[in-house]
Amino acid sequence: MKLLLLIFLVQAVLLTIYLPASQGTVQPMDARLIEQTCKQTPLYNLCVSILKSDSRSSKADVTGLALIMVDVLKAKATGTRNYITRLLRGNLKRDVRHGLSSCADVYNAVLEADVPVAIEALQKGNPKFAEQAANDAAIEASSCERSFSGHSPLTKSNKSMQDVSSVAAAIVRLLL
Amino acid sequence: MVVSTLLRSFSSKHEDPAATLPSSTTPLLYEPRPGELDLERRWPPKRAALVVIFGFLLLALFLAILIADLNSDVHANGNVSLATSGSSMASEPLKLVSRGVSAGVSEKANRVFACVNVVSFPWNNTMLSWQRTAYHFQPEKNWMNDPNGPMYYKGWYHFFYQYNPNGAVWGDIVWGHAVSKDLIHWLHLPLAMVADQWYDMNGVWTGSATILPDGQVIMLYTGSTNESVQVQNLAYPANLSDPLLINWVKYSGNPVLHPPPGIDSQDFRDPTTAWYTSDGKWNIAIGSKVNKTGITLIYSTEDFKNFELLDGVLYSFPGTGMWECVDFFPVSNTSIKGLDTSVKGPGVKHVIKTSLDQARNDYYAVGTYDEKAGKWVPDNTTIGLGLRYDYGMFYASKSFYDLHKGRRVLWGWIQESDSEIADVKKGWASVQSIPRTVLLDTKTGTNLLQWPVEEVDSLRLTSKVFDKVEVKAGSVVPLDVGTATQVDIVAEFELDKEALERTAQTNVEFSCSTSGGAAERGALGPFGLLVLADESLNEHTPVYFYIAKGTDGNLTTFFCADQTRSSEATDVDKKIYGSTIPVLKDEKLSVRLLVDHSIIESFAQGGRTCITSRVYPTKAIYGAARIFLFNNATEASVTSSLKIWQMNSAFIRPFRPEQDH
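Each chain carries its own residue numbering, running from 1 in the direction its sequence is written. Working convention: letters from A go to chains and numbers from 1 go to ligands, in the order in which they are written. Note on the predicted model: pLDDT of at least 70 is required for a residue's local features to be given, and 80 or more for side-chain atom pairs to be given and counted; whole-chain, interface and lining totals, by contrast, use all residues. Only heavy atoms go into the side-chain values, all of them from the structure, while hydrogens and water stay out.

Structural notes on unusual backbone geometry
Residue and element names in this part refer to chain B.
- At the junction of Asn 254 and Pro 255, the peptide bond is cis and its omega measures out at 0° in the coordinates.
- Helix numbers and strand numbers start at the N terminus; a helix is a DSSP run of H or I with at least 4 residues, a strand a run of E with at least 2. Tracing the backbone shows Pro 255 in the loop between strand S8 (248-250) and strand S9 (275-276).
- The residue after Gly 525, namely Pro 526, is reached through a cis peptide bond having omega 0°.
- Tracing the backbone through its elements, the reader meets Pro 526 in strand S28 (residues 524-533).
- Residue Asn 142 is not a glycine yet carries a positive backbone phi of 70°.
- Within the secondary structure layout, Asn 142 lies in strand S1 (residues 142-153).
- Asn 142 gets classed as buried once you look at its relative accessible area, which sits at 8%. Relative accessibility decides the category of a residue: with a 1.4 Å probe and only protein chains considered, values under 20% of the type maximum give buried, values over 50% give exposed, and everything between is partly exposed.

Put into structure tokens, the structure is as follows:
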């Protein structure tokens, strides 16, 4: 009887430890590189949560982590660009429409210039161009935010882009 | 019943047929019947069944863990190609705190703008097309970066460069090519080398030329292989009797150098021009890093096909990161001639220069080369590589010995400092500096003097002289030269001596980059020129001197260029650049500015300190661009004498066989 109870308790404990592992998240060992890397970025928590929720990070070196962050940057830019497109279909005041058009250009530039340059630079081993591209993405997001004379419908998206860009740039800096 | 719920969901995910689960109504704990707590008795059937069930559950648990592990493996390998850099995180703690100006590292200010103007995209074609330069080298369109393989051959100066044929941002890099008779009037030729081999498929990167005594031309360059490994390759002209050197052949045995043991496959690039040694061999240098220590490797060769890595390094400096575009050359400390790369002996010092990836600046120092030991030692060992060729936008520079005129000439890559969206809109990015002669400044012994090659003077058209213009404290004086977007300015400044004596000392430390720019008034400065300024001074770029009197009564002079008010656009660089500049007793303050649309090259004290600025005004363009003298000092008045020339275009264009020979 006591033996059964013991087995049961052991199982319960093991399950609570290993169930999360079955979803493919990071093992405690690999978390060290992520934490060390993220400490060198301006937004530690954001950096860690992005990297830890990407299963590729468990096998990645610093270049790999940078590539993951650029991927997230790309996803956010794509999402924002699509959101802008949807907004533009609606009935808008002239100054808002004007601002959104500028922002569409901006996010297109991020996706057509900054992201491919960052990826190519990281993969081919000339990381400074990736740092510049990531910094540029943050600047572009600021430009977008400033293109609204009144309220900006993209404040959250732009802030998110700036945050991810600054983290990506900081990770790339570690490779220089 | 949390555990049972967990178990059920567990099993449904992993469909393990071996697991049999109790239903939610079956109690998991065996309730002992009275008198049956003795384990040595035979177990009743119910208990046995429960033991079996738990056994299966344990099995299921372990299987699930195994499967989870396998899943994450497949997921990682299948989705992303993670470039293996092989470099581990540095074992020493990584500190991103700058070592400070005294250690030769300038502050990197972030490009964070105070949102004053809500201006959405002022860029239109008029503004953008104005930015193109008239007499600085740039290709007809697209992206350019590092200068490559500059040399003089059979009557032509050759210039190669990193080029993206597909867009106005970095990528798909190949070698562009241009020729000129005078380093100013350039004619574009077809691409010299493209990425057509496995060993340079991912980039035909930077390299240097060596001209051998027997007339052979050797080009060593870095290739990024199909696996993104950095290797060195040999190329040579297909036809040495073609003065234009249009076609190039890559050596069939390439690559000639692979990254050596201990060097990361992506930290091995930019081979230098070779120098001849006393033991009859040629040496080249290649920059790299080990952890965060920047180093320079030396290789020895007799045929440029087989190389031997020499022990140790030519020089290294901790904490500097990757060394790109290393340059190593001799300078004379007795004459004003340039020296061939192989020269050594008495009256000769050697310069090491490196482009620091981390700082995006070019650093150099003067020192002594011990050929036998394969080592170079800087004259000032505390600072190491403390001086910069240029305190503005200037990177990946490369020098060569010009056999035609016996001088050492320096090229520097001048990037854009606007946003990439603007570069994509205007369809191009980057220019080269006007080639500069390089000489040791024998008066200070520490600095190099850089000066625009004399051929640039051939672009001078009409001029205007201003003699002893007095600029009182806190005033601005317009200089009427008409339109001022393509001008060459030579100016001298004299501060009123009485103010110099009378001014109080201060212990406040000044630096160009952390100051309030030209608008921040001090007793003895700032004063200088306002260029690319519109009539109402809404936009202007000050290039100026600032004199500080330290606690010991000594004067320190600073030379700065302030981009904070250079443009009303909000997405351009608005930092202040500059440095201290040694000014010797009885030297007047002198400056030369080459203004060419969106680039300003400034040289102080004969080129002892240089600042290159990229500016993008929106109003102070075309006919609206003006020049002013200004003096924002509180105490001293300043007298200035200047000569200003309008500059012609260099008409840089494609080579036309019928016309150009």
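Looking at the sheet that holds strand S33 (residues 599-604) of chain B
Residue and element names in this part refer to chain B.
- Taken in spatial order, the six strands of this open sheet run S25-S36-S27-S32-S33-S34, and their pairing is antiparallel. The open sheet has two edge strands, strand S25 (460-471) and strand S34 (609-614), and neither has a second partner. Averaged over all pairs of adjacent strands, the angle between strand axes in this sheet comes to 15°, irrespective of strand direction.
- Whether two strands pair depends on DSSP finding at least two bridges between them. The sheet contact formed by S25 and strand S36 (residues 638-647) spans eight bridges and is antiparallel. When the sheet's bridge partners are listed, Val 465 is paired in S36 with Lys 643. Note on method: axes are straight lines fitted to C-alpha atoms, helices fitted across the in-contact stretch only, with angles between N-to-C directions ranging 0 to 180 degrees.

Some remarks on the state of the cysteines
- Only a pair of cysteine sulfur atoms within 2.5 Å counts as a disulfide in this structure description. Evaluation of the coordinates by the stated rule reveals three disulfides over all chains.
- Here Cys38(A) pairs with Cys47(A) through a disulfide, and the sulfurs are 2.0 Å apart. Disulfide Cys38(A)-Cys47(A): torsion about the S-S bond near -70°, hence left-handed.
- Here Cys47(A) falls in the buried class, since its relative accessible area comes to 0%.
- If you count the bonded cysteines of chain A from the N-terminus, they pair up as 1-2, 3-4.
- Cysteine Cys325(B) remains unbridged, with the sulfur of Cys610(B) as its closest cysteine sulfur at 18 Å.
- Cysteine Cys610(B) is unpaired, with the sulfur of Cys512(B) as its nearest cysteine sulfur at 14 Å.

A short note on the pattern of salt bridges
- Take a side-chain nitrogen of Lys or Arg and a carboxyl oxygen of Asp or Glu: if they are within 4 Å of each other, that pair is a salt bridge. Summed over all chains, the structure comprises 41 salt bridges over all chains.
- With a closest N to O distance of 2.6 Å, Glu131(A) and Arg173(A) form a salt bridge. Taken together, the residues span a long stretch of sequence, with Glu131(A) in helix H6 (residues 128-146) and Arg173(A) in helix H7 (residues 155-173) at a distance of 42 residues. Here the two residues Glu131(A) and Arg173(A) agree in accessibility, since each one is buried.
- Arg436(B) is the partner of Glu601(B) in a salt bridge, and the nearest nitrogen-oxygen pair spans 2.8 Å. In this pair, Glu601(B) sits in strand S33 while Arg436(B) sits in strand S23 (residues 436-440), placing the two residues 165 residues apart along the sequence.

Describing helix H2 (residues 31-39) of chain A
All names here are of chain A.
- Buried residues of H2: Ala 31, Ile 34, Thr 37 and Cys 38, and no others. Each buried residue of H2 lies within a common arc of 130° when the element is viewed along its axis, so the set occupies one face. The outward face of H2, more than 90 degrees from its buried face, is lined by the exposed residues Arg 32 and Lys 39.
- Buried residues in H2 make contact with helix H3 (44-52), helix H4 (62-88) and H7. Each direction from the helix axis to a C-beta atom contributes to the arc, which is the arc of those directions. Working rule for contacts: check all heavy atoms of both residues, and any pair within 4.5 Å makes them a contact.

Quick look at the packing of H2(A) against H3(A)
All names here are of chain A.
- Packing of H2 against H3 brings their axes to within 9 Å, and their N-to-C directions diverge by 145°. Handedness of the H2/H3 crossing: right-handed. From H2, Ala 31, Ile 34, Glu 35, Cys 38 and Lys 39 reach across to H3, where they touch Tyr 44, Cys 47, Val 48, Leu 51 and Lys 52.
- Note on residue categories: nonpolar means Ala, Val, Leu, Ile, Met, Phe, Trp, Tyr, Cys or Pro, charged means Asp, Glu, Lys or Arg, and polar means any other residue, Gly included. Across the contact of H2 with H3, the residue classes break down as seven nonpolar, no polar and three charged. Handedness of a crossing is defined here by the sense of rotation of the near helix relative to the far one, left-handed for an anticlockwise turn of less than a right angle and right-handed for a clockwise turn.

Considering the sheet that holds strand S4 (residues 186-193) of chain B
- The six strands lie next to each other as S21-S1-S2-S3-S4-S37 (chain B), forming an open sheet whose pairing is mixed. Across the chains shown, the open sheet's two edge strands, defined by having one partner strand only, are strand S21 (428-429) and strand S37 (653-654) of chain B.

Considerations on the nonpolar core
- Among buried residues, the Ala, Val, Leu, Ile, Met, Phe, Trp, Tyr and Cys ones that are joined through side-chain atoms within 4.5 Å form a nonpolar core. In terms of nonpolar packing, the biggest core is built from 62 residues, with Leu51(A), Met69(A), Leu73(A), Tyr107(A), Leu122(A), Ile171(A) and Trp170(B) touching the most fellow members.
- Every element with two or more residues in this core is listed here: H2, H3, H4, helix H5 (94-124), H6 and H7 of chain A together with strand S19 (395-402) of chain B.
- With 15 residues, the single largest contributor to this core is H5(A).
- The contact partners of Met69(A), leaving out residues within four places of it in the chain, are Cys47(A), Ile50(A), Leu51(A), Val164(A), Val167(A), Ala168(A) and Ile171(A).
- Counting residues in each nonpolar core, the second largest holds 51 residues, with Ile489(B), Leu589(B), Leu629(B) and Ile644(B) among its members.

In short, geometric facts, not functional conclusions.
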